[in-house]
Every structure is written in C-alpha cells, then in structure tokens.
Amino acid sequence: MNELLTTIGLEIHVELATRTKMFCGCPVAFGGDPNTRVCHVCLGHPGALPVPNGQAVANAAKIGMALGSSIARHSIFHRKNYFYPDMPKNYQISQYDIPLCLGGSIDVGGARIGITRVHLEEDTGKSLHVGGGGRIHGADHSLEDFNRAGTPLVEIVSEPDMTSADQARAFATELRAIIECLDVSDIRMEEGSMRFDANISVAPPGERGAKVEVKNLNSLRSLHRALAYEEVRQREVLSAGGTIDQSTRHWDERVGVTRPLRTKEHAFDYRYFPEPDLVAIEPGEQWLADIEGQIPELPAARRSRFVADYGLPEYDAGVLVGSRPLAGFFEEAVRAASAAEAKTVANWLANDLLGRLAERSEGIEQTAVTPVHLAALVDLVAAGTISGAQGKEVLSAMVATGADPATIVEEKGLRQVSGRDELAAVVTQVLEANAEVAGRVRTGDHKPLGFLVGQVMKVTKGQANPSVVQALLREMLSP
Ligand SMILES: [Zn+2]
C-alpha cells in the first residue's frame, strides 16, 4: 500500500453571547424550564416577522476581522429548508452563497490553515429522546425544548488544510482563544456554546478520498479522539483493499468509536432561498471602523509580545495566553513584582498556583490569590527571605485563605536563615554528629554531601539557605 495522506476540514458553530435571540427579543440563556424563552417569532408562527440582532451581526463581523476575513458590504440571509423536530419553522435562517465574512486564516505551529467563510445563523431547539438509549432511533418518544431555538450562531468553516488530529485540535484551541479574547461568546463547551463538525478523508497523494463527516463533537477532547479514531479506521479499510463511502458518522464518546449516521443517498437535500422577510446586511464604513477598533490584542500577537518583552520561552507564552484571564493575571503580577524575573513569576503561576487551583477545581478567575500577592510571594523567595520550599507552603496557605504572603510568613514564623555565622554553628554540629560520613567526604567521596545538606535542613526545620549550607560544607570539608 502506498503512503496515505489525511485531509481534515472543520466546521465550528459558536453561540454568540448576546442578550437576546437572533431575530426576536427572547432572552438568550442556558438551562431553565423548557419552552419558557420562546415567542411567535422563534417558534415560527405564521405572520411572525424576524428582526436581526445588531449585536450578533457586530460579533460575527468582529470574529471575521480577527481571522483576517474580508467583510462583505452586502450579504443576505437564506432560508435553509428541512424538516427536523427541533426546527420549529421547518427552515433555519442562515447565510448561503453570500456570507458576511469570506476568507482569512489561522496560523498553527507554523502552518497556515485557511478560513473559507464565517456566516451567521440561528440555533435550533433541543430534542430529548426518551427510551432507546437516548438516541432518536428506537426512542419511545421525543420531547422538544425550543429555548435555544433562535440563539445567534456563527459558523466558521475552515479549508481542508489540516493533516492530523493533533493539528485539528491545535487549530480549534487557537480559534477558541481568539473568540475568548474577542468577548463575543462565553464558549462554555459543556453547555454546547462551541461545537465541531469535522470532515476527514484519507487517500494516496494526489487523489481525493471520500469525505466522511463526523458530527456534533462537543469538546476539544472529543474532536481529537474522533479524528484519531476515524483516521485509523479509514487507513485500515483502505489498506485492506476496501473503499470508504462518503457518509456522515456519529461519535460515541462513551465507547470511543464513530458509527454510521447516514450515507450520501439519505443526506438532506436542503432547499435554500433568500429569506423574504429580512433585508440585506450592508455595513457602512463607520460601523466597520468602530468594530475594528474594538478588537483587542489577539492571542498570536500577545504570545509574541510575551516572548519578546518578558523573555519567556514559546511554550510558557502559549500556556499563559491560552486563557485571557490567565494572561491578564500574569501581566499584573509581573508589573507588581520588583525582585523576581518574569520567567520566575510565570513558573509560580503556571506550575504552582494553577496546580493548586486544579486540585480545588477552581479557575484563575475564582481564586482568592491576587496578582499582587503572588508577586509579593515570588519576591520574598527571590530575595532569599524564605526558601523555595517555604514559598510553596506559603502559596498553599494563600490559596486557602486569600491572606497576603507577608502575613503568612509572619504567622508561621517562616524565614530563611542565610547568615554564615548562624549556619556555621549548625554545620559544625552536624559534622560532629556524622563524623564517619564527614571523613569520607574529606577523603574525596562527594556523594554523601547531599545527605549532610539534608541533615542541616532537618536541624533548621527547612529554614537554612541550601546554597549557603553547601558552600560552608565544601569549605569545612576541603582536604
Ligand atoms: Zn423569540
């Protein structure tokens, strides 16, 4: 079998964080009693007239601009006709051949992934299938909740430029960071506000493989797992001499496999026609300029700045910029720190503080630790007032109580002993108690040095400055 290449394209739906729905005044929210946020417009009653939500159009344009799309000076809505229980109107208002945003790209690990289009549409309702394992096939009956129907969505369609599940996940991660940065969606994936459909094909170089669509992936983890599974499945079928049919598959998160949903023969034949009740979107210069002015520093630019200005390694910059609150926390802490290097602040934040917060299932937004307090802690360690180990103890107390580090150091009676005279007395005492070990070091065996340092730390209850102790030991044990 010749070498096989994998081709992946993504369609990403993002719910826009607006106060009201796309075409009516019903509030946008998650959960609540079924069918309590609905009206004649979002239920599609005869004669109901949709009115576009200006904030949703602005949010979509903002996303397009951030991705480098060109914003259409004239775009229209279409009705996408199909029957499905969660579509109360039997059509969805969407954009078709004249979308709001065309083109653009995202750079991921040195590769440029093209954006085909970004368009606006409305979300559907939610079906609850009762019996039959919760799937529509075999269910006893289905219930419909239309609270979500009409929620503003953008659909972001990528070019089929990705070649692996890893790259697709990296692309989706970067897109999520960009959208978070723009403040246009709450991107709570567990609530379905960002969802993925993926197209994947495997074929020998120069050939086009049959496209398999994997629908409704609700997390970055599902996206990655589904693509990795599907890539292996298609390669195995092809390597065994089989063929792949163009089809749609469903990802079973629990079992970790994709299953056929429908083949091309049964695919929906959407009939599109221009929505007669809505006028075209024709943004003016000033409106576009205003939106452009609202776009903050984007993650890629912020990462480069973190590397250039703070001397951080790419990896650290990537971790910090992956979340806007985390990046903001870091910058505030660096500004507040007087003695510590930015890289040291980054380590304490990304490794120590985030680690402790993860244990408590807390996010950086919820923690009682302020950037100023973290900076003060890192400064105490950098200045040698407390040791690194003591610093970690202080941080744990900060996470638990929100107290400032100086107070905790005081209360716990922590301080690092760096004075040579004070430590020399302890070192002498330890050497006397361990005469045999000391003798071995004197005759050139340096292995037990670590043991002796440990003994000094023990006697001083961890307060001795280890580098001073090492220097003293070397001096006192030199032949
Ligand atoms: Zn409504």
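This structure is a prediction, so every number in the text was calculated from the model and none was measured.

Bringing the nonpolar core into the picture now. In summary, soluble globular proteins display a tendency toward joint burial of nonpolar side chains. Ranked by internal contacts, the top residues of the largest apolar core, which has 62 residues, are Ile63, Leu120 and Ile156. Once you skip the residues sitting within four places of it in the chain, Ile63 turns out to touch Leu16, Val118, Val154, Ile156, Ile179, Leu182 and Val184. In terms of nonpolar packing, the next biggest core, distinct from the first, is built from 37 residues, Leu320, Phe330, Ala375 and Leu380 among them.

Attention now moves to the coordination of the zinc ion. With distances of 2.3 to 2.4 Å, the protein atoms coordinating the zinc ion are Cys24 (SG), Cys26 (SG), Cys39 (SG) and Cys42 (SG). With four donor atoms in place around the zinc ion and angles of 100 to 114° between them, the coordination shape is tetrahedral. The sequence motif formed by the donor residues of the zinc ion is C-x1-C-x12-C-x2-C.

Enumeration over the complete set of coordinates arrives at eight aromatic pairs. Ring centres 5.4 Å apart and planes at 85° place the aromatic pair Phe23 and Phe77 in the edge-to-face group. Of the two residues, Phe23 sits in the loop between strand 1 (5-15) and helix 1 (54-66) while Phe77 sits in the loop between strand 2 (70-71) and strand 3 (78-81), which places them 54 residues apart along the sequence. Grouping residues by exposure puts Phe23 and Phe77 together as buried. Ring centres 5.2 Å apart and planes at 50° place the aromatic pair Phe306 and Phe330 in the tilted group. Highlighted residues: Phe306 in helix 5 (residues 299-310) and Phe330 in helix 7 (residues 324-336), separated in sequence by 24 residues. One exposure class covers both Phe306 and Phe330, and it is buried. For the cation-ring pair, Lys392 lies above Trp348, with the distance from its terminal atom to the ring centre recorded as 4.9 Å.

As a further point, take helix 12 (residues 420-433). Across its 14 residues, helix 12 extends 20 Å between first and last C-alpha, which sits within 8% of the 20 Å expected from 1.5 Å per residue. Residues of helix 12 that are buried include every one of Leu423, Ala424, Val426, Val427, Val430 and Leu431, and no others. All buried residues of helix 12 project into a common sector of 165° when viewed along the axis, lining one side. Within helix 12, the exposed residues directed more than 90 degrees away from the buried face are Asp421, Glu432 and Ala433. As for helix 12, its buried residues are in contact with helix 13 (435-442), helix 14 (449-459) and helix 15 (466-477).

Right, let's talk about the side chain of Ser193 for a bit. Along the chain, Ser193 falls in the loop between helix 2 (165-182) and strand 11 (194-203). Polar contacts involving the side chain of Ser193 include one to the side chain of Asp186, which spans 2.9 Å. If we ignore the near neighbours within four places in the chain, the residues touching Ser193 are His13, Val14, Glu15, Ser185, Asp186, Ile187 and Arg188.

With that settled, the discussion passes to the side chain of Glu174. Along the chain, Glu174 falls in helix 2. A distance of 2.9 Å separates a polar atom in the side chain of Glu174 from a polar atom in the side chain of Arg303. Beyond its immediate chain neighbours, meaning those up to four positions away, Glu174 contacts Ile106, Asp107, Pro299, Ala300 and Arg303.

Let us look at the packing of helix 12 against helix 14. Helix 14 packs onto helix 12 with a crossing angle of 120° between their chain directions and a minimal axis gap of 10 Å. It follows that helix 12 is oblique to helix 14 by the angle criterion. As for how helix 12 packs across helix 14, the hand of that crossing is right-handed. Counted together, Val426, Val427, Gln429, Val430 and Leu431 of helix 12 and Leu452, Gln455, Val456 and Val459 of helix 14 form the full contact between these two elements. Tallied by class, residues from the contact of helix 12 with helix 14 come to seven nonpolar, two polar and no charged.

Basis of the calculations
- All residue numbers refer to positions counted from 1 along the written sequence of the respective chain.
- Thresholds applied to this predicted model are a pLDDT of at least 70 for local features of residues and 80 or more for the giving and counting of side-chain atom pairs; totals over whole chains, interfaces and linings are not thresholded and use all residues.
- To get the side-chain values, take all heavy atoms of the structure and skip hydrogens and water.
- To form a nonpolar core, buried Ala, Val, Leu, Ile, Met, Phe, Trp, Tyr and Cys residues must be joined to one another through side-chain atoms within 4.5 Å.
- Exposed residues in this analysis have more than 50% of their type's maximum accessible area, buried residues have under 20%, and partly exposed residues fall in between, with area computed by a 1.4 Å probe over protein chains only.
- Two residues qualify as a contact provided that any one of their heavy atoms is within 4.5 Å of a heavy atom in the partner residue.
- Metal donors were taken as nitrogen, oxygen and sulfur atoms no farther than 2.8 Å from the ion, or 3.2 Å where the ion is Na, K or Ca. Water is excluded, so coordination may look unfinished.
- In this scheme the shape depends on donor count and angles: four donors with every angle between 85 and 135 degrees give tetrahedral, four or six donors with opposite pairs above 155 degrees and others between 65 and 115 give square planar or octahedral in turn, and any other case is irregular.
- Aromatic rings from Phe, Tyr and Trp, taking only the six-membered ring of Trp, are treated as a pair when their centres fall within 6.5 Å; an angle between ring planes under 30 degrees marks them as stacked, one over 60 as edge-to-face, and anything in between as tilted.
- Strands are runs of DSSP state E lasting at least two residues, helices are runs of H or I lasting at least four, and both sets are numbered from the N terminus onward.
- Charge-over-ring placement is defined geometrically: NZ (Lys) or CZ (Arg) within 6 Å of the ring centre, and within 35 degrees of the ring normal.
- Expected helix span is taken as 1.5 Å per residue step, with the number of steps being one fewer than the number of residues.
- Note that the arc is defined by the directions from the helix axis to the C-beta atoms.
- Polar contacts, as counted here, are pairs of nitrogen or oxygen atoms within 3.5 Å of one another; within protein the pair requires one atom able to donate a hydrogen and one able to accept it, and residues that are adjacent in sequence qualify only if both atoms are side-chain atoms.
- Orientation is described by lines fitted to C-alpha atoms, with helices fitted over the stretch in contact, and by angles between N-to-C directions that extend from 0 to 180 degrees.
- Here the angle decides the label: under 35 degrees means roughly parallel, over 145 means roughly antiparallel, 65 to 115 means roughly perpendicular, and every other value means oblique.
- Left-handed describes a crossing whose near helix is turned anticlockwise from the far helix through less than a right angle; right-handed describes the clockwise counterpart.
- Note on residue categories: nonpolar means Ala, Val, Leu, Ile, Met, Phe, Trp, Tyr, Cys or Pro, charged means Asp, Glu, Lys or Arg, and polar means any other residue, Gly included.

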